[in-house]
Number of protein chains: 2
Amino acid sequence: MARTKDYGHFCVIARSLEVIGEKWTLLVVRDLLRGPQRFTDLLRYMGGITPKWLSARLRELEAEGIIERDSVEGRREVWYRLTKKGRDLAPVLESLAVWGIEHAMRPPQPGEPIFPEMVLQATTIFLNRRGVHPAKPLVWQFEFGERRAVFVTFDGERWSSRQDEPGAADLTITTTLGALIAFLYAPLSERRSLLSGLSLEGSEDARQIFLETMTRPAAATA
Amino acid sequence: MARTKDYGHFCVIARSLEVIGEKWTLLVVRDLLRGPQRFTDLLRYMGGITPKWLSARLRELEAEGIIERDSVEGRREVWYRLTKKGRDLAPVLESLAVWGIEHAMRPPQPGEPIFPEMVLQATTIFLNRRGVHPAKPLVWQFEFGERRAVFVTFDGERWSSRQDEPGAADLTITTTLGALIAFLYAPLSERRSLLSGLSLEGSEDARQIFLETMTRPAAATA
DNA sequence: CTGAATCCGACACGATACTG
DNA sequence: CAGTATCGTGTCGGATTCAG
């Protein structure tokens, strides 16, 4: 007993950290917030984690009721997804991201893997934080050639990023990871000129909304 | 290099966790959010931490620009306090507390130290979360006999708990730790009857505001 | 009394290889 | 695809000691 991850304090913050404060745990939640994932998906997103520790974290999270396993009948695949208790961690991840954007962000280091999923996840967190509110709900589909598509949605209240298609897309953005990052991390004044790296496919209305959302001061990332 | 606390991901969340994700780090911030503290204050609040690790964490936090050391001229005391970068972590602590209140709280375990500072800190986080908004700013002073007083303030926007006096108190609540916990953790319907364990000293107006704030549905803790 | 440093053991974690 | 097994290292807890 008295395992080293425990604090033994009568304090809700310490209690929360006992549950989700170990290494990798919140990053598993981060990735599952974009939708259900398989073991190897998670392994790939969390560059550097070993299968042993991913197993351990997944079993702990399942024991805590934060994630659930979904085995597809007949197949050996296992899909992991968040329970409500797990989805309720979204504000924790968002506050961490907001703090990190202001105080810990840095350019990609040599050798650091970059995933469009996470770039867009950070973008939606930022749009929520800045209170960017389009007039109506929308679905943007980002395509990167070989990779899986990533969907950015606004449901009328909140932005989120998903990997499973949430419905018919209003706009499809085809681009490369490099062009997307160049666009998102550019100062607002330069964004319009970087649009050439993005191919937008959708109604004129949908293209206008995208343009306004991404080049309005409230959506600045820098 | 490639220390084990690092992730090597291009992700703001992973970056934040590299900075504040190690054991004890966020609990240091938790305690400093209530005001500047000395080494031994922190040692006491974080039951179980060894001086060695508290030293290490304080030096790391200082190197990151999250805390600052204040040496009082002539005295050997060192006071630690948060910088803006550190105060900006408040939303992270709050979201952790909110999640913990719903999903990880449990009654005090045998041997767990209990501090009124943390009980009241959790209370103010909860009042903020529930959007409890008295008509005007206020200062409540909680007295527990021998211990230092704890101040709960509402500045017109947000609740907070402090250990240094923020100004003249509108109301002084004298009680014991046991009576306070019994009161705060009781269902709303039973709170009024538990008021007998609290001695309120202040204007009739101030007493009324306290009563309404603490027995109104929005302020429920259970 | 405050703010540490030191030694040692337990365990959390990383690297690599391997399996159903 | 979804994990285990083995082995080494790093992080942390516990006790003791020490200087200002």
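Residues numbered from 1 in each chain as written. Chains lettered and ligands numbered in written order. Predicted model: local features only at pLDDT ≥ 70, side-chain atom pairs only at ≥ 80, totals over all residues. Heavy atoms only, no water.

Q: I'd like to hear about helix H4 (residues 51-63) of chain B, residue by residue, with values.
A: Residue and element names in this part refer to chain B. With 13 residues, H4 extends 18 Å between its outermost C-alpha atoms, agreeing within 8% with the 18 Å of an ideal straight helix rising 1.5 Å per residue. Buried residues of H4: Leu-54, Ala-56, Arg-57, Leu-58 and Leu-61, and no others. Where H4 is buried, its residues touch helix H2 (25-32), helix H3 (39-45), strand S2 (67-71) and strand S3 (78-82). Just downstream of H4 lies Gly-65, where phi reads positive at about 80 degrees. (Helix = DSSP H or I, 4+ residues; strand = E, 2+ residues; numbered from the N terminus. Expected span 1.5 Å × (residues − 1). Buried < 20%, exposed > 50% of the residue type's maximum accessible area, 1.4 Å probe, protein only. Contact = heavy atoms within 4.5 Å.)

Q: So, the protein's contact with DNA strand D: which residues are in play, and what are the values?
A: Taken together, 23 residues lie near DNA strand D, and Arg-76, Val-78 and Tyr-80 of chain A together with Trp-53 and Arg-57 of chain B sit nearest. Each atom of DNA strand D within 4 Å of the protein was assigned to sugar, phosphate or base; sugar and phosphate come to 61%. In this structure, Tyr-80 of chain A approaches DNA strand D through a side-chain N or O atom, which is 2.4 Å from a phosphate oxygen. Take Arg-57 of chain B: an N or O atom from its side chain is 2.4 Å from a phosphate oxygen of DNA strand D. If you list the elements that add at least two residues to the surface near DNA strand D, you get helix H3 (39-45), helix H4 (51-63) and strand S3 (78-82) of chain A together with H4 of chain B. Looking at the surface near DNA strand D element by element, the count peaks at four residues for H4 of chain A. Residues of the surface near DNA strand D, tallied by class, amount to six nonpolar, five polar and 12 charged. (Near = heavy atom within 4 Å. Polar contact = N/O pair within 3.5 Å; in protein donor to acceptor, adjacent residues only side chain to side chain. Nonpolar A, V, L, I, M, F, W, Y, C, P; charged D, E, K, R; others polar.)

Q: Any chance you could break down the layout of surface pockets for me, citing the residues and the numbers?
A: As a volume, the largest pocket reaches approximately 840 Å³. Contributing to the lining of the largest pocket are 31 residues, with Gly-21, Glu-22 and Lys-23 of chain A together with Gly-21 and Lys-23 of chain B lying nearest its centre. Elements supplying a minimum of two residues to the lining of the largest pocket: helix H1 (12-20), H4 and helix H6 (90-103) of chain A together with helix H1 (12-20), H4 and helix H6 (90-103) of chain B. A breakdown of the residues in the lining of the largest pocket according to their chemical character gives 16 nonpolar, four polar and 11 charged. As a volume, the second largest pocket reaches approximately 520 Å³. Taken together, 22 residues line the second largest pocket, and the ones lying closest to its centre are Leu-33, Arg-87, Ala-90, Ser-160 and Arg-162 of chain B. Mapped onto the lining of the second largest pocket, the elements with two or more residues apiece are S3, H6, helix H7 (116-129) and strand S6 (159-162) of chain B. Of the residues belonging to the lining of the second largest pocket, the class tally is nine nonpolar, six polar and seven charged. The residues that make up the lining of the second largest pocket include at least three from each of domain 1 (12-88) and domain 2 (104-215) of chain B. (1 Å grid on protein atoms, 1.4 Å probe; cavity = no way out; pocket = protein on both sides within 12 Å on 5 of 7 lines; lining within 4 Å. Points joined across faces, edges and corners; volume = space filled by probe spheres on them. Domains from an automatic or database assignment.)

Q: Before we move on, can you summarise the packing of H6 of chain B against H7 of chain B with the specific residues and values?
A: Residues and elements named next belong to chain B. Viewed as axis vectors pointing N to C, H6 and H7 meet at an angle of 90 degrees, and their least axial separation amounts to 10 Å. Taken together, the axes of H6 and H7 lie roughly perpendicular to each other. In this structure, H6 contributes Glu-94, Ala-97, Val-98 and Ile-101 to the contact, and H7 contributes Ile-125, Phe-126, Asn-128 and Arg-129. When grouped by side-chain class, the residues that make up the contact of H6 with H7 number five nonpolar, one polar and two charged. (Axes fitted to C-alpha atoms, helices over the stretch in contact; angles between N-to-C directions. Parallel < 35°, antiparallel > 145°, perpendicular 65-115°, else oblique.)

Q: Any chance you could break down the interface of chain B and chain A for me, citing the residues and the numbers?
A: The interface is formed by 56 residues belonging to chain B together with 55 residues belonging to chain A. A combined buried area of about 4700 Å² lies between chain B and chain A, and 68% of that area is made up of carbon and sulfur atoms. When residues of chain B are sorted by the area they lose upon contact with chain A, Phe-10, Ile-13 and Trp-99 of chain B head the list and together hold 19% of the total. Between Lys-84 of chain A and Glu-102 of chain B there is a salt bridge whose closest N-O contact spans 3.7 Å. Remark: the boundary between chain B and chain A carries 19 residue pairs in polar contact (both at pLDDT 80 or more). For the side of chain B that touches chain A, the secondary structure elements donating two or more residues are H1, H2, helix H5 (84-87), H6 and H7 of chain B. At 11 residues, the largest contribution of residues to the side of chain B that touches chain A is made by H6 of chain B. (Buried area = accessible area lost by both parts, 1.4 Å probe. Salt bridge = Lys/Arg side-chain N within 4 Å of Asp/Glu carboxyl O.)

Coordinates in, geometry out; function isn't part of it.
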